[in-house]
Amino acid sequence: MLQQQNLQKYRKLIEKYNVLPIGWGKDKKAPMLKEWQLNHNLSLEEICSYKDAIALGVTTEDLWVLDVDGDSAVRWARSKGLLDGEFTWEIHRTTSPYYFKRIWKPTLQQRKQIPENQDGLQEFQFKVRTNPSPFLNEAAEFFMAHNRQIIFYGKHWKSGGDYYCPPHRDFEAVREPTDAEFKVLLDELSKRQEKLPRSNNRSHGRDWYTLSFCPICGRSQNDNPVCQMHRDGNTIRCFEGITYHPPENLTPGQVIHENWAFCRSQYVGWGDFSIFVQHNPSPVEKLRRQYYV
Ligand SMILES: [Zn+2]
């Protein structure tokens, strides 16, 4: 349970932002109220009345968050100059030095430069994969969105660790990004403006349907779904996008994610897809899997 006396220093933040009690979900990282995306203006006292809350989160409609996941992501962010300069808000956790967030508050002028997303909002969320291995999910994630929240205080339940801000990098240190930092964001953003045709102009044919979740690249309902499954259930066309894409440099016949064999690439007039077919293991392989997987 959250102790009110420990949270006095967040009073200002709670007054100004949409601060949420955290504790729902499998990993206890979800806000404990429905429609948390709307600003409920909870007070410190109200937040502390949530008995099972283990942490505090805040929505990020006007905060630019750089979420660094893994040591390759640390190196990437450093190489872009995003980890240097004057202090700003940082959220670390005691259980892993390679997973942390750095946060800026863009000026109105800067926010005007953010292109509109599919919903017509000047918000963004995307990942830069920083490790080429398809088996490692290391990435630098960028987001600023009303429907995202970050945890800044309390327990990281899964690892048993605590969230903390290093000295001089508490929320009060949050600053506007420098021109150089903001340019990194705009450059990455422009690379990710995928020029997909409107969905009704894509030729599907009757035999293909669009996957709401692609098992090859992980693109899902909210990521401009475009990967397709054949009605036979055995063939997937996975779009070679920028944020989401199948592993690169596969050789025909190579099996990934247990049972999808790469066939070839296919250009369909506006983009490239990788074609995968369900891999039918040989009897020997089935036996081997039975014993070793
Ligand atoms: Zn895909």
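Whatever comes next refers back to the structure up there.
These lines cover the structure that appears in this document, whether it is placed above or below.

Description of the nonpolar core
Of all hydrophobic cores here, the largest spans 39 residues; its most connected members are L56 and F152. Contributing elements (two or more residues each) for this core: helix 1 (11-16), strand 1 (19-24), strand 3 (55-69), helix 3 (71-79), strand 4 (89-93), strand 5 (96-104), strand 7 (139-156) and helix 5 (179-191). In terms of residue count, the dominant contributor to this core is strand 3 (eight residues). Excluding residues that lie within four positions of it along the chain, F152 makes contacts with L56, V58, I91, Y163 and F171. Counting 14 residues, the second-largest nonpolar core is a separate cluster that includes C214, C227, F262 and F273.

A closer look at the pairing of strand 5
Pairing of strand 3 with strand 5 involves six bridges; the strand directions are antiparallel. Among the inter-strand pairings, W64 is bridged to a residue of strand 5, identified as W104. The pairing of strand 4 with strand 5 spans four bridges and is classified as antiparallel. If you follow W89 over to strand 5, its bridge partner there is I103. Hairpin connection, strand 4 to strand 5: the antiparallel pair is bridged by two residues.

What about the sheet that holds strand 12 (residues 255-256)?
Strands pair in a sheet through their backbones, by hydrogen bonds, and they do so in one of two ways: parallel or antiparallel. Spatial strand order, 9-10-11-14-13-12: six strands in an open sheet with antiparallel pairing. Both outer strands of the open sheet, strand 9 (208-210) and strand 12, are each paired with one neighbouring strand and no more. Sheet analysis places strand 13 (residues 260-267) next to strand 14 (residues 272-278), joined by seven bridges and oriented antiparallel. Among the inter-strand pairings, W260 is bridged to a residue of strand 14, identified as Q278.

Remarks on unusual backbone geometry
At H168, a position not held by glycine, the phi torsion is positive, near 65°. Turning to its location among the elements, H168 is positioned in the loop between strand 8 (161-164) and helix 5. Even without a glycine there, the phi angle at N249 is positive, about 55°. For N249, the location among the structural elements is in the loop between strand 11 (235-239) and strand 12.

Thresholds applied
Residues numbered from 1 in each chain as written. Predicted model: local features only at pLDDT ≥ 70, side-chain atom pairs only at ≥ 80, totals over all residues. Core = buried A, V, L, I, M, F, W, Y, C linked by C-beta atoms within 7 Å. Buried ≥ 20, exposed ≤ 12 C-beta atoms within 10 Å, placed from the backbone. Helix = DSSP H or I, 4+ residues; strand = E, 2+ residues; numbered from the N terminus. Contact = placed C-beta atoms within 7 Å. Pairing = 2+ DSSP bridges.

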